[in-house]
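Letter by letter, the chains look like this.
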Amino acid sequence: MNITFLGTGTSHGVPMIGCDCLTCRSSDPHDKRLRPSLHVQMDDGTSILVDAGPDLRQQALAHDIRRVDAIVFTHGHADHILGLDETRRFTGPQGHSMLCYGDAATLADIKRMFAYVFDPATPRGGGLPALRLIEMKGDVVINGHTVVPVPIMHGERPILGLRFNSFAYLTDCSQIPDESMPLLHNLDVVVVDALRIRPHPTHFSLSEAVEAARRIAAKRTFFTHMCHDLPHADTNARLPQGMQLAYDGLTLEL
Ligand SMILES: [Zn+2]
Ligand SMILES: [Zn+2]
Ligand SMILES: [Zn+2]
């Protein structure tokens, strides 16, 4: 299994429009962060996207992603779903509907924000995304690969962390319920939301993320969904052993 970080930024991305801070002006490519998404490539070629944010087109071009078998959504916020129209390139030539897995609230968000896709009166024009929405009520199996939903809290909203084998992805997280901890045992890699240094109502701060990572105790931890308050090199130099900020384009072989 190969995991590629397609985007590791918060909803604004880094650099942020109109910002002149040191991170936004940094020439270090690790400080360029697109909106959060992940590409999971199984050894048999099965290709799964986690979320489809507004940068999906650019991310697919950068990583030459030509085939996607399914998209698994963590939740329905704009920075995680606004790229859905780009999926026309994955379904058109192959003639299948894109399997979109998510919890009920996420699928409702998609139906509302992409109402034109589901409206029979919409003229075909340049083509419409072909989406097949499937509610994720428990583990799902995609081409023989099990994806385990891990309930986490994003402020007041329950959303899904996701586990693929010994890898887990907990983006947009401000609390991990005790009941979810058994789903996070024996991980080689965990990815945890770490928005910034200061506390935030719906995301872990960096110190909260480090504390959560210690509880989970995976062999390696990467942080994601960072805003411009966390410059890559300086922040990494201060993190405990085995914990690092992820960056766009980072690929893990597991
Ligand atoms: Zn900035
Ligand atoms: Zn969110
Ligand atoms: Zn987000």
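This text goes with the structure placed above it.
So, here's what we can say about the structure. Since this is a predicted model, take the numbers as computed values, not measurements.

### What about the overall build of the protein?
Within the protein one finds eight helices and 14 strands. With the C-alpha coordinates aligned to their principal axes, the bounding extent of the protein is approximately 55 × 45 × 35 Å. Counting only residues that meet the buried cut, the protein has 54% of its 254 residues in that class. Taking the contacts inside the protein whose residues are at least 6 apart along the sequence as the reference set, 63% of them involve residues at least 24 apart. Taking the average place of the 23 positive charges on the side chains of the protein and the average place of its 29 negative ones, the gap between the two points comes to 3 Å.

### So, the sheet that holds strand β10 (residues 167–170)
With respect to topology, seven strands assemble into an open sheet ordered β7-β8-β9-β10-β11-β12-β13, the strand pairing being mixed. Here the strands that pair on one side only, and so sit at the sheet edges, are β7 (140–142) and β13 (243–245). Within this sheet the neighbouring strands show an average axis-to-axis angle of 25 degrees, counted without direction. Direction of pairing for β10 relative to strand β11 (residues 189–193): parallel, over a ladder of four bridges. Residue pairing for β11: A168 is matched across the bridge by V190. Each of β10, β11, β12 (220–224) and β13 touches helix α7 (residues 206–216); the most contacted strand, β12, lies at about 150 degrees to it.

### A look at the pairing of strand β2 (residues 37–41)
With four of five residues buried, β2 lies mostly within the body of the structure. Taken together, the five bridges between strand β1 (residues 2–7) and β2 define a ladder with antiparallel strand orientation. By the bridge assignment for β2, I3 is matched with V40.

### A closer look at the coordination of the zinc ion (ligand 2)
Coordination sphere of the zinc ion (ligand 2), protein contribution only: H75 (NE2), H77 (ND1), H154 (NE2) and D172 (OD), at 2.2 to 2.4 Å. Every donor counted, the four donor atoms about the zinc ion (ligand 2) form angles of 89 to 175 degrees at the centre, which fits irregular coordination. Taken as a pair, the zinc ion (ligand 2) and the zinc ion (ligand 3) lie 3.4 Å from each other and share D172 as a ligand. Separated by 97 residues along the polypeptide, H75 in the loop between β4 (70–72) and α3 (78–81) and D172 in the loop between β10 and β11 bring together distant segments of the chain. D172 carries the same exposure label as H75, and that label is buried.

### Remarks on the pattern of salt bridges
Using the criterion set out here, one finds 10 salt bridges in the structure. For R35, the salt bridge is made with D55, and the minimal N-O distance between the two is 2.7 Å. Taken together, the residues R35 in the loop between α1 (22–25) and β2 and D55 in the loop between β3 (47–50) and α2 (56–62) connect sequence positions 20 residues apart. A salt bridge links D69 to R67, with the nearest nitrogen and oxygen atoms 3.1 Å apart. Residue class for D69 comes out buried when judged on its relative accessible area of 16%. If you follow the salt bridges from partner to partner, you end up with D109, R112 and R157 in one network.

### What to know about the nonpolar core
Proteins that are soluble and globular tend to have nonpolar side chains buried together. One finds L170, I176, L184, V190, I216 and F223 to be the most contacted residues of the largest nonpolar core, which totals 27 residues. Those elements that place two or more of their residues in this core are β8 (145–154), β10, β11, α7 and β13. Here this core takes six residues from α7, the largest share from any one element. Core analysis: the next-biggest nonpolar cluster, separate from the first, contains 26 residues, F5, Y101, V147 and Y169 among them.

What counts, and where the lines are drawn
- Residues numbered from 1 in each chain as written.
- Chains lettered and ligands numbered in written order.
- Predicted model: local features only at pLDDT ≥ 70, side-chain atom pairs only at ≥ 80, totals over all residues.
- Heavy atoms only, no water.
- Helix = DSSP H or I, 4+ residues; strand = E, 2+ residues; numbered from the N terminus.
- Buried < 20%, exposed > 50% of the residue type's maximum accessible area, 1.4 Å probe, protein only.
- Contact = heavy atoms within 4.5 Å.
- Lys, Arg positive; Asp, Glu negative; His and termini not counted.
- Charge placed at Lys NZ, Arg CZ, Asp CG, Glu CD.
- Pairing = 2+ DSSP bridges.
- Axes fitted to C-alpha atoms, helices over the stretch in contact; angles between N-to-C directions.
- Donors = N, O, S within 2.8 Å, 3.2 Å for Na, K, Ca; no water.
- Tetrahedral: all angles 85-135°; square planar, octahedral: opposite > 155°, others 65-115°.
- Salt bridge = Lys/Arg side-chain N within 4 Å of Asp/Glu carboxyl O.
- Core = buried A, V, L, I, M, F, W, Y, C linked by side-chain atoms within 4.5 Å.

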